[in-house]
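Results of the structural survey
Residue-level listing of the chains:
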Amino acid sequence: MTNTKRLILILADQLSWQQPALQDASPNTDTLVFAEVAKEATYVRHNKHKIAFLFTAMRKFADQARSKGYSVCYFSIDQQVKTLLEAVQNTLSSQPTCDAVHVCEPGEYRLKHEMLTWSDKLALPCVIHEDRRFLCSHAEFKAWADSQKTLRMEYFYRGIRKRLGILMDDDKPEGGQWNYDADNRSGWRNKDAVPERIQFAPDKVTQTVIETVEEHFSHHPGDLSQFRYATDSAEARAHLEQFIQIFLPHFGQYQDALAEESTTLFHGLIGLYLNAGLLDPLEVCQRAETAYRANNVPLAAAEGFIRQIIGWREYVRGIYWYYMPGYASLNSWNANTPIPTWFWTANTQMRCLHKSIQQSLESGYAHHIQRLMVIGNFSLLAGLSVTEVCDWYLAMYVDAYEWVELPNTLGMALNADDGIMASKPYAASGKYIAKQGNHCQQCFYDPKLTTGPKACPYNSLYWRFIDRHLESLSKNPRMSLITGQWRKRAAEERDSITQWADQILERIESL
Ligand code: FAD
Ligand code: DLZ
Ligand code: SF4
């Protein structure tokens with residue numbers, strides 16, 4: 001504990017008592033500042049669910065701080081403070097005895113670099129603490145990345161799992177394998193009912209925020225009549241507990257499924273809580289491991305789930321900070337087509353895209369395969385503008401912050417990062433989407449056709465993508481089978497497919 005009087009700024013996604021700027025904080029000396037500010041809420045057109053979730057969770061965390069005896073300065077959006085810096089300046093002018101500003105580092109390069117100028121602007125030390133809510137530090141990731149030829153997630157994951165001792169049997173992976181994906185990933189064939197989720201009906205605080213968000217952000221996407229997210233850590237833990245008991249046993253099996261009947265299937269719906277600080281990643285993984293060791297969850301499901309958190313989540317964060325700021329402007333395939341307006345309305349006859357975009361707009365959620373293989377895959381095949389697509393994802397999802405959104409969108413889905421993240425593009429035709437679920441049965445288009453008015457647009461766009469990038473894709477051993485197949489086709493057949501795809505792109509607005 002220190003004797004200095006500190007001003008501690010807590011961002012909307014840092015709502016954890018374990019976060020580093022609060023580690024040696026004291027109600028006797030320190031003031032906590034929270035700010036709902038226009039700049040953060042509007043730099044993209046964030047989904048109303050995301051804003052309502054963050055503002056409500058912030059207000060409730062500030063209440064917890066007050067009940068712990070902290071002096072709290074809370075700026076609500078009605079007070080019209082425009083930036084986080086302005087909030088800090090306003091607080092300092094009313095608390096001139098503060099001798100330092102402390103903050104946990106933000107998850108966005110833009111904001112971190114702004115904060116690096118604050119000491120000068122405030123004429124006061126501004127201490128930015130490394131965010132220890134993650135399991136891999138910047139230094140550990142850098143040491144790993146510097147030692148590798150290619151940065152494959154699987155090897156990163158094994159190292160983290162060993163260090164943390166999760167699902168380990170001495171120094172061997174539990175069950176003898178590191179990865180059980182071969183047992184996972186069934187398509188959806190309507191055989192299992194998806195249980196109801198625990199829902200959190202809006203209380204008074206949430207209701208007030210919902211009204212405020214409707215007033216200030218009416219032009220943003222989102223249907224707040226559906227708002228049922230947890231907004232404090234107790235609720236988030238109740239949500240997690242239900243997931244571990246009821247949904248996790250089927251998580252692996254349906255991880256890659258696409259269903260007409262369910263927007264969430266057996267996924268965790270925990271990204272928003274992990275990223276905002278309401279759940280701790282290590283605790284979540286330990287809880288999943290305990291359920292496995294109690295024989296309540298198959299190993300393949302527990303391992304698959306834990307890999308997402310200690311593997312993918314930490315890995316994409318590492319990639320982001322290792323390669324920023326250059327990463328954001330990569331565009332390997334030179335993709336610049338403006339995104340169609342139906343990305344903001346869901347008004348398309350392509351059933352898989354209609355369903356995935358509609359639920360994203362309405363609730364701020366889509367599961368991984370919808371994000372990657374439906375919306376992302378279409379964006380890749382159609383050559384949609386990388387920056388426009390990334391901004392769309394950043395705006396759309398309740399769990400979206402640039403540290404996690406950018407590598408997933410630009411790197412994994414759009415393959416625009418010169419192969420840093422993926423050894424081959426996640427490009428697929430309509431056949432994949434048909435195999436994974438039942439959208440095609442309700443679609444205007446036919447996944448078995450490649451050209452003609454009823455042909456699934458993914459099919460010709462897939463071959464057009466292969467054709468346009470044939471030379472560079474042929475150099476990739478993992479793509480050689482497909483590029484070889486394309487080369488073997490008759491020239492007239494190739495022409496008719498690529499010409500059809502060109503026509504599709506010309507009328508992309510009306511697909
Ligand atoms: P589950 O399927 O239940 O997985 C459990 C947890 O594992 C997730 O909550 C998340 O914390 C972690 N996880 C799983 N996959 C990834 C991944 N690829 N990267 C990082 N963490 C992962 N995730 C975000 O948190 N924010 C984003 O803005 C985001 N944007 C994405 C954009 C694209 C194009 C793609 C393909 C993926 C994106 N992801 C993002 C990753 C993943 O899709 C979401 O984490 C997941 O869908 C969240 O839902 P869930 O909690 O039900 O996840
Ligand atoms: C995303 C977001 C939104 C919508 N609003 C605020 C806000 O009003 N105040 C705040 O402190 N943070 C907000 N955020 C999150 C930040 O924009 C930023 O994305 C994260 O802090 C990066 O980790
Ligand atoms: Fe999607 Fe094509 Fe299937 Fe329609 S036919 S649902 S567009 S994959």
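That block above? That's the structure.
Quick caveat, the model's predicted, so the values are computed rather than measured.

Quick notes on unusual backbone geometry
That bond from Met324 to Pro325 is cis: its omega, 10 degrees, falls within 30 degrees of zero. Within the secondary structure layout, Pro325 lies in the loop between α12 (299–323) and α13 (351–363). With phi around 60 degrees, Gln80 is a residue other than glycine that occupies positive phi space. On the basis of relative accessible area, Gln80 is assigned to the exposed category, the value being 60%. Positive phi is not limited to glycine here, since Ala123 has a value of about 55 degrees. Locating Ala123 in the fold gives a position in the loop between α5 (118–122) and β5 (126–129). Overall, Ala123 belongs to the exposed group, its relative accessible area being 68%.

What to know about the sheet that holds strand β4 (residues 100–104)
The 5 strands are arranged β3-β2-β1-β4-β5 in an open sheet whose pairing can be described as parallel. Since the sheet does not close on itself, it has two edges, and those belong to β3 (71–75) and β5, each with one partner. Along the sheet, successive strands turn relative to each other by an average axial angle of 20 degrees, direction set aside. Across 5 bridges, the pairing between strand β2 (residues 31–35) and β3 is parallel. In the sheet register, Phe34 faces β3, and the bridge partner there is Tyr74. Set on the sheet, helix α2 (residues 48–67) makes contact with β2 and β3; between it and β3 the angle comes to about 160 degrees.

Thoughts on the site of ligand 3
Neighbouring ligand 3 are Met350, Arg351, Cys352, Gly430, Ile433, His439, Cys440, Cys443, Tyr445, Pro447, Cys456 and Tyr458. Elements represented by at least two residues in the shell around ligand 3 include exactly α13 and α17 (430–436). Of the residues belonging to the shell around ligand 3, the class tally is 9 nonpolar, 2 polar and 1 charged.

Remarks on the nonpolar core
By size, the foremost hydrophobic cluster in this structure holds 161 residues, and its most contacted members are Phe34, Tyr315, Leu353 and Phe378. Excluding its chain neighbours within four sequence positions, the residues that come into contact with Leu353 are Trp342, Thr348, Gln358, Val374, Ile375, Phe378 and Tyr458. Val33, Ala87, Leu124 and Cys126 belong to the second largest nonpolar core, which has 23 residues in total.

Some points on the pattern of salt bridges
Counting across every chain of the model gives 30 salt bridges. In this structure, the salt-bridge partner of Arg307 is Glu303, at a minimum N-O distance of 2.8 Å. Taken together, the residues Arg307 and Glu303, both in helix α12 and 4 residues apart, mark about one turn of the helix. Glu303 shares its class with Arg307; the two are buried. With a closest N to O distance of 2.8 Å, Arg464 and Asp502 form a salt bridge. On the criterion of sequence distance, the pair formed by Arg464 in helix α18 (residues 457–468) and Asp502 in helix α21 (residues 491–506) is long-range, its members being 38 residues apart.

What counts, and at which threshold
- Residues numbered from 1 in each chain as written.
- Chains lettered and ligands numbered in written order.
- Predicted model: local features only at pLDDT ≥ 70, side-chain atom pairs only at ≥ 80, totals over all residues.
- Heavy atoms only, no water.
- Helix = DSSP H or I, 4+ residues; strand = E, 2+ residues; numbered from the N terminus.
- Buried < 20%, exposed > 50% of the residue type's maximum accessible area, 1.4 Å probe, protein only.
- Pairing = 2+ DSSP bridges.
- Axes fitted to C-alpha atoms, helices over the stretch in contact; angles between N-to-C directions.
- Contact = heavy atoms within 4.5 Å.
- Near = heavy atom within 4 Å.
- Nonpolar A, V, L, I, M, F, W, Y, C, P; charged D, E, K, R; others polar.
- Core = buried A, V, L, I, M, F, W, Y, C linked by side-chain atoms within 4.5 Å.
- Salt bridge = Lys/Arg side-chain N within 4 Å of Asp/Glu carboxyl O.

Just distances and angles here, no functional claims.
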